Amino acid sequence: MEKYAYVTAITNKWYLRGVKTLAKSLRRTGTTIPLHIMMPKKCCDSDLHREVAKLNLEIIFLPDIEIDSEYCTNNRMAHWNDTFFKLNVAQLVQFTKIVFLDADMIILKNIDHLFAYPSISATTGGKSAHPEWEEFNSGIMVLEPSNVLFQTLLECIVPAIERKTALKLGYGDQDVFNQYYPDWKNDPQHNFGECYNVEHCFVDDYVKATGSNRFDGIYVLHFIGENKIWNKSFIQLIQMFHGLTKDKKYHERKACLLYLKYLYL
Ligand code: UDP
Ligand code: MN
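The present account deals with the structure reproduced in this document. (Residues numbered from 1 in each chain as written. Chains lettered and ligands numbered in written order. Predicted model: local features only at pLDDT ≥ 70, side-chain atom pairs only at ≥ 80, totals over all residues. Heavy atoms only, no water.)

Some words on the overall build of the protein
Helix and strand counts for the protein stand at 8 helices and 9 strands. Taking 265 residues into account, the globule formula puts the C-alpha radius of gyration at 18 Å, and the protein, at 18 Å, falls close to it. With the principal axes as the frame, the protein shows a C-alpha extent of 45 × 45 × 40 Å. Across the 265 residues in the protein, those meeting the buried criterion constitute 52%. Across the protein, the fraction of contacts at a sequence separation of at least 24, relative to all contacts at a separation of at least 6, is 72%. Summing over all exposed atoms, the protein offers an accessible surface of approximately 12700 Å²; the carbon and sulfur share of this is 53%. Distance from the positive charge centre (30 side chains) to the negative charge centre (31 side chains) of the protein: 9 Å. (Helix = DSSP H or I, 4+ residues; strand = E, 2+ residues; numbered from the N terminus. Rg over C-alpha atoms; globule rule 2.2 N^0.38 Å. Buried < 20%, exposed > 50% of the residue type's maximum accessible area, 1.4 Å probe, protein only. Contact = heavy atoms within 4.5 Å. Areas by Shrake-Rupley, 256 points an atom, 1.4 Å probe, with all protein chains shown as cover. Lys, Arg positive; Asp, Glu negative; His and termini not counted. Charge placed at Lys NZ, Arg CZ, Asp CG, Glu CD.)

What follows is the structure, encoded as structure tokens:
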């Protein structure tokens, strides 16, 4: 029998309000497929655990994925060091299929139909703004967990880090998934399209690329980057909205307002 789950991950308090907002937005899509939260084993009985437990969602404790400390220190994208923990999703074999969701997303419309996609399916984030980008974004992925997949992903960690280091770029879980599946770009049936992963800074490009006003076509908004919108102070939010208006990024402004609506709902 098929057993489906949405899964997200949290390793520290910085992401707490993100997980809460994701959970709220997903619930409002009317889905009956449960959201499970992956947390590091070491967080069991911590303040973070007690906060996450209030959400009344199933918490799955998993071991850390150890990365050489030198790799962590040298990572140009420091906020991605903990993202390797996401690789654990591949070993959740209690489920037949998973839709993994980053904690920095809001789901605007029901996405249960994504479970019909094969493993691994995803989309390139920011494709409208950067048509030359070929790798998939690991913020939202459909996958079938298996121990073989998990072990193979673990073996991809070092080659992925070395590949990105050679390019003088930072690295995270996404590079490992792309290292595992470099041919993704040639498999259109594994690409569910950018409307399921519209990165907030590219919403205006997305709307422009899809013609007239296609904001309504967006299923998932993804608030990427180190400085998460739910952690901004009131004054930082005012400055952000001021900047977006000045730069005529009206759709991004709408996306950020929508995020705040879900955050304070
Ligand atoms: N994450 C986490 N702790 C961290 C960094 C990341 O729990 O310190 C998880 C969280 O679910 C987050 C995901 O890993 O959404 C990917 O990281 P992030 O979304 O910050 O990367 P971005 O999308 O900004 O590249
Ligand atoms: Mn993200």
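What about the site of ligand 1?
What surrounds ligand 1 is a group of 17 residues, the closest being A9, T11, Y15, D104 and G225. T11 is positioned with one of its side-chain polar atoms (N or O) 2.7 Å from a nitrogen atom of ligand 1. H79 has a polar side-chain atom sitting 3.1 Å from an oxygen atom of ligand 1. Within the complex, the protein chains bury 93% of what would otherwise be the 510 Å² of accessible surface of ligand 1. (Near = heavy atom within 4 Å. Polar contact = N/O pair within 3.5 Å; in protein donor to acceptor, adjacent residues only side chain to side chain.)

What to know about the packing of aromatic side chains
All told, the structure shown has 11 aromatic pairs when counted by the stated rule. With 4.8 Å between their ring centres and 65° between their planes, F223 and Y259 make a pair best called edge-to-face. Residue F223 is found in the loop between strand 9 (220-222) and helix 7 (234-246), and its partner Y259 is found in helix 8 (residues 250-264); the two are separated by 36 residues along the sequence. You can call Y259 buried: its relative accessible area is 0%. Clustering of aromatic rings is evident, with ring pairs tying together Y15, F223, W230 and Y259. One residue, K109, lies across the ring of Y219, its end atom 4.5 Å from the ring centre. (Phe/Tyr/Trp six-rings, centres within 6.5 Å; stacked < 30°, edge-to-face > 60°. Lys NZ or Arg CZ within 6 Å of the ring centre and 35° of its normal.)

Digging into the sheet that holds strand 7 (residues 137-143)
Spatially, 6 strands are ordered 3-2-1-4-7-6 in an open sheet, and the strand pairing comes out mixed. With one partner strand each, in any of the chains shown, strand 3 (58-62) and strand 6 (121-123) form the two edges of the open sheet. Taken over all neighbouring pairs, the strand axes of this sheet differ in orientation by 30° on average, direction set aside. Bridge count between strand 2 (residues 35-40) and strand 3: 5 bridges; the pairing is parallel. Considered in strand 3, the bridge of P40 is made with L62. Strands strand 1 (4-9), strand 2 and strand 4 (97-101) of the sheet are contacted by helix 1 (residues 16-27), whose axis makes an angle of about 155° with strand 1. (Pairing = 2+ DSSP bridges. Axes fitted to C-alpha atoms, helices over the stretch in contact; angles between N-to-C directions.)

Digging into the pairing of strand 7
In terms of residue burial, strand 7 counts as a mostly covered element, since 7 of its 7 residues are buried. The pairing of strand 6 with strand 7 spans 2 bridges and is antiparallel. Following the sheet pairing, S121 is matched in strand 7 by V142.

Things to note about the packing of helix 4 (residues 147-166) against helix 5 (residues 173-180)
Orientation of helix 4 relative to helix 5, taken along the N-to-C sense of each, is 110°, at an axis distance of 7 Å. Classed by the angle they form, the pair helix 4 and helix 5 counts as roughly perpendicular. Touching L149, T152, L153, C156, I157, P159, A160, R163 and K164 of helix 4 are D175, V176, F177, N178, Q179 and Y180, all from helix 5. Grouping the amino acids of the contact of helix 4 with helix 5 by side-chain chemistry returns 9 nonpolar, 3 polar and 3 charged. (Parallel < 35°, antiparallel > 145°, perpendicular 65-115°, else oblique. Nonpolar A, V, L, I, M, F, W, Y, C, P; charged D, E, K, R; others polar.)

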